[in-house]
Amino acid sequence: MTPFVYARADSLGETIAAGAAPDSAFLAGGTELLNWLRLGIAEPTRIIDISRLDGLDQVEALPGGGLTIGALTHLNDVAQHALVMRDYPVLSQAILNAASPQLRNLATIGGNLLQKTRCAYFRAEEQLPCNKRQLGSGCSALHGINDNHAIFGWTEDCVATQPSDPAVALAALDAVIVTAHRSGGRRIPAAEFHLLPDTRPEADNVLQQGELITAIELPAPAPRSAYLKVRERESYEYAIVSAAAVLEMDGQTIRRAALALGSVALRPWRLSAAEEQLAGAEIGDREALSTAIEQSFAEARPLSQNAYKIELAKTAALRAIERAARMPS
Amino acid sequence: MNFHDRHLLRLRVNGEDHSLSDLDPRVTLLDLLRERLHLTGTKKGCNFGECGACTVHLDERRVNACMILAVSCEGREVTTIEGLANGDALHPVQQAFIDHDGFQCGFCTPGQVMSAAALIEEGHTGSDAEIREWMSGNLCRCSAYPQIVEAVRSAAGRASQ
Ligand SMILES: Cc1cc2nc3c(=O)[nH]c(=O)nc-3n(C[C@H](O)[C@H](O)[C@H](O)COP(=O)(O)OP(=O)(O)OC[C@H]3O[C@@H](n4cnc5c(N)ncnc54)[C@H](O)[C@@H]3O)c2cc1C
Ligand code: SF4
Ligand code: FES
Ligand code: FES
């Protein structure tokens, strides 16, 4: 670890003022940042500990319906909050399928969205060609080990995926990420928060230096929703693919569906074409559901070792829809 | 905001207050416990959050000590495996690990025991499946998993299914 200086932040104002200086990094749960420091993925010279900022660790109902989740709320506290469990099961399930119980006691919901890819070349202890580590050095995965890399939205500059589970649920829920910054805050739709590699392969998301996530807002309740995670072991493992489904139903008929896939691209991947065709489908008609899902896979492109992920992703989407339909409304 | 490269840290470990000067902010809670307080019961397995060998309680919640900067623990309370027993009386989870052969080499055991003690407080012991899921943050290279589940189930006071 390269040396750094450390300070604890007491107020939002001083946090966003101090954060604006280049080479500063916020410390929330530390479960990503500490690994970046160890591997040299980030080498900040100033660490601003935001973990004790007041008022950013609450889950509260919004006056007009919906919920606001403070960015510093620990993952276990979000997932086991009564309102999240009742009204947004997809988010609760996505979180409880992430990391481990100990890590979820440290990790925050805001920090979770800022995690970087698990691509082994990117996380290597000795530096290998990787455009996300060093722009212009190339992509080792493109013709290397890419069995768990992207099937959507990749370019020859980077074929990695974004591994967050909660982000997939938030994309399907049409959540909003609320930020504060020295030059004013903004509201960012969750599905637009992460960046594909087509413009700036080295960048992961739209945040600017010193921009602080303060809250995540969820719209109207989505009780008929579910998350499915496919992985190599049952627990404490990242996804090969995951799927979040949010449904509105009239009896057995789907009125509206929102679907997002995880670990298939550098952002949670919404299946818009499938969603359109799912409106009006009967939940018991597997063929209709599969045909609808198929619409969104016209743009899927496998790499040399990961064609299997395309089939896996289609099945995961189908099973997530069926699971969501079985949730009590 | 006052940034420093050396810090004074006050924290309570296993009921004892400590005041540690000249602390480099890069030191993790795990290294502080092992190297400065000589509490070597807490183990370093991976140092990347991937194994759970370093599990301790921070203000009564189980966490990975390798993922925490020690300096961020100012004013907080830490319990390690050395502080779990009540004098000579073992904690029920420690006794249950002995009774059920919950370990082989023992390297993962302090972390398993700290995790299990917290899990029972959390109430995640409704079934063996629930115990397995909520113990999944602790890997065991010797694969003593069936005995660990038995030990946790028995410590939680629940009859075998
Ligand atoms: C072994 C292991 C397994 C894991 N498995 C999974 C998994 O299966 N699924 C999954 O989704 N995740 C998984 N994770 C990732 C984990 O969930 C994240 O590391 C965690 O959520 C990050 O949150 P944090 O608060 O610890 O972030 P930190 O490490 O504190 O911060 C990460 C980054 O975000 C910035 N940051 C933090 N909070 C804010 C904020 N409010 N505003 C602006 N910037 C901020 C920091 O400056 C830093 O750059 C795993 C991690 C480990 C170590
Ligand atoms: S896929 Fe992306 S992160 Fe992995 S080596 Fe290529 S550029 Fe680096
Ligand atoms: S040493 Fe901390 S999790 Fe492995
Ligand atoms: S007893 Fe050897 S690692 Fe668990």
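How each quantity is defined
- Residues numbered from 1 in each chain as written.
- Chains lettered and ligands numbered in written order.
- Predicted model: local features only at pLDDT ≥ 70, side-chain atom pairs only at ≥ 80, totals over all residues.
- Heavy atoms only, no water.
- Pairing = 2+ DSSP bridges.
- Helix = DSSP H or I, 4+ residues; strand = E, 2+ residues; numbered from the N terminus.
- Axes fitted to C-alpha atoms, helices over the stretch in contact; angles between N-to-C directions.
- 1 Å grid on protein atoms, 1.4 Å probe; cavity = no way out; pocket = protein on both sides within 12 Å on 5 of 7 lines; lining within 4 Å.
- Points joined across faces, edges and corners; volume = space filled by probe spheres on them.
- Nonpolar A, V, L, I, M, F, W, Y, C, P; charged D, E, K, R; others polar.
- Parallel < 35°, antiparallel > 145°, perpendicular 65-115°, else oblique.
- Left-handed = near helix turned anticlockwise from the far one by under 90°.
- Contact = heavy atoms within 4.5 Å.
- Phe/Tyr/Trp six-rings, centres within 6.5 Å; stacked < 30°, edge-to-face > 60°.
- Buried < 20%, exposed > 50% of the residue type's maximum accessible area, 1.4 Å probe, protein only.
- Lys NZ or Arg CZ within 6 Å of the ring centre and 35° of its normal.
- Domains from an automatic or database assignment.
- Near = heavy atom within 4 Å.
- Sits in = over half its atoms within 2 Å of the grid points.
- Buried area = accessible area lost by both parts, 1.4 Å probe.
- Salt bridge = Lys/Arg side-chain N within 4 Å of Asp/Glu carboxyl O.

Draft legend 1. Highlighting the sheet that holds strand β2 (residues 24-27) of chain A. All names here are of chain A. With parallel pairing, three strands are arranged side by side in an open sheet as β1-β3-β2. Strand pairing shows two members of the sheet lacking a second neighbour, β1 (5-8) and β2, which therefore form its edges. Across this sheet, the average inter-strand angle for adjacent strands is 25 degrees, counted without regard to direction.

Draft legend 2. Structural detail: the layout of surface pockets. As a volume, the second largest pocket reaches approximately 520 Å³. Lining the second largest pocket we find 30 residues, and of these Ser51, His74, Asn105 and Leu106 of chain A together with Arg76 of chain B sit closest to its centre. For the lining of the second largest pocket, the secondary structure elements donating two or more residues are α6 (101-106) of chain A together with β4 (61-64) of chain B. Grouping the constituent residues of the lining of the second largest pocket by class yields twelve nonpolar, ten polar and eight charged.

Draft legend 3. Focus on the packing of helix α10 (residues 286-295) of chain A against helix α11 (residues 308-326) of chain A. Residues and elements named next belong to chain A. Across the interface, α10 lies against α11 with an axial gap of 10 Å and an inter-helix angle of 130 degrees. Relative to α11, α10 is oriented oblique. Handedness of the α10/α11 crossing: right-handed. Of the residues in α11, those touching α10 at Arg286, Leu289, Ser290, Ile293 and Glu294 are Lys314, Ala317, Leu318, Ile321 and Glu322. By residue class, the composition of the contact of α10 with α11 is five nonpolar, one polar and four charged.

Draft legend 4. Here's a closer look at the packing of aromatic side chains. The tally for this structure, following the rule as stated, stands at two aromatic pairs over all chains. Ring geometry for Phe152 of chain A and Trp269 of chain A: centres 5.0 Å apart, planes at 15 degrees, overall stacked. One end of the pair, Phe152 of chain A, is in the loop between α7 (109-113) and α8 (166-172); the other, Trp269 of chain A, is in strand β12 (residues 269-270), with 117 residues separating them in the sequence. Like Trp269 of chain A, Phe152 of chain A is buried. Ring pairs connect the aromatic residues Phe152, Trp269 and Phe297 of chain A, which therefore count as one cluster. Cation over ring: Arg38 of chain A sits above Phe48 of chain B, and NZ or CZ is 5.9 Å from the ring centre. Against the face of Trp134 of chain B rests Arg104 of chain A, its NZ or CZ located 5.0 Å from the ring centre.

Draft legend 5. Structural view of the domain arrangement of chain A. Here chain A is described as being made up of domain 1 (5-49) and domain 2 (225-326). Taking only C-alpha atoms, the centre of domain 1 of chain A and the centre of domain 2 of chain A are 36 Å apart.

Draft legend 6. The arrangement of the site of ligand 2 in detail. All names here are of chain A. In the vicinity of ligand 2, 15 residues are found, and the nearest of them are Cys119, Cys130, Cys139, Cys158 and Val159. Mapping ligand 2 onto the cavity grids shows that it belongs to the largest cavity. Taken together, the residues that form the shell around ligand 2 break down as nine nonpolar, four polar and two charged.

Draft legend 7. Highlighting empty space enclosed by the protein. Residue and element names in this part refer to chain A. Overall, the coordinates contain two cavities of 30 Å³ or more when judged by the stated rule. Here the largest cavity defines a volume of roughly 90 Å³. Every residue lining the largest cavity is counted, 17 residues in all, and those nearest its centre are Cys119, Cys130, Cys139, Cys158 and Ala160. A class-by-class count of the residues in the lining of the largest cavity yields ten nonpolar, five polar and two charged. Approximately 30 Å³ is the volume attributed to the second largest cavity. In this structure, the second largest cavity is lined by Leu113, Ala167, Leu170, Ile177, Ala190, His194 and Pro268. Across the lining of the second largest cavity, the residue classes break down as six nonpolar, one polar and no charged.

Draft legend 8. Representation of helix α1 (residues 29-36) of chain B within the structure. Residues and elements named next belong to chain B. Among the residues of α1, Leu29, Leu30, Leu32 and Leu33 are the ones counted as buried. On its buried face, α1 is in contact with β1 (7-13), β2 (16-23), β3 (55-58) and β5 (77-79). His38, located one to two residues past α1, shows a positive phi value of around 55 degrees.

Draft legend 9. Structural view of the environment of Leu318 of chain A. Within the secondary structure, Leu318 of chain A sits in helix α11. Look past the residues within four positions of Leu318 of chain A in its chain and what remains in contact with it is Arg286, Leu289, Ser290 and Ile293 of chain A.

Draft legend 10. Up close: the interface of chain A and chain B. Of the residues lining the interface, 42 residues belong to chain A; the matching set on chain B comes to 38 residues. Roughly 3,300 Å² of surface becomes buried between chain A and chain B when both sides are summed, with 58% attributable to carbon and sulfur atoms. By the criterion of area lost to chain B, the three top residues of chain A are Tyr6, Gln102 and Tyr236 of chain A, representing 21% of everything that side buries. Taken together, chain A and chain B are joined by one salt bridge.

Draft legend 11. Just the environment of Val78 of chain A, in detail. Residues and elements named next belong to chain A. Along the chain, Val78 turns up in helix α3 (residues 75-79). Residues Val78 and Ala313, spaced 235 residues apart in sequence, show a C-alpha to C-alpha distance of 27 Å. Sequence-distant contacts of Val78, that is, excluding residues within four places in its chain, are made with Ile69, Thr73, Val84, Leu91, Ile95 and Ile109.

Draft legend 12. Geometry of the packing of helix α2 (residues 92-99) of chain B against helix α5 (residues 145-155) of chain B. Residues and elements named next belong to chain B. Across the interface, α2 lies against α5 with an axial gap of 8 Å and an inter-helix angle of 135 degrees. The orientation of α2 relative to α5 falls into the category oblique. In this structure, the crossing between α2 and α5 has a hand that is right-handed. In this structure, α2 contributes Pro92, Val93, Ala96 and Phe97 to the contact, and α5 contributes Ile148, Ala151, Ser154 and Ala155. Considering only residue class, the contact of α2 with α5 consists of seven nonpolar, one polar and no charged.

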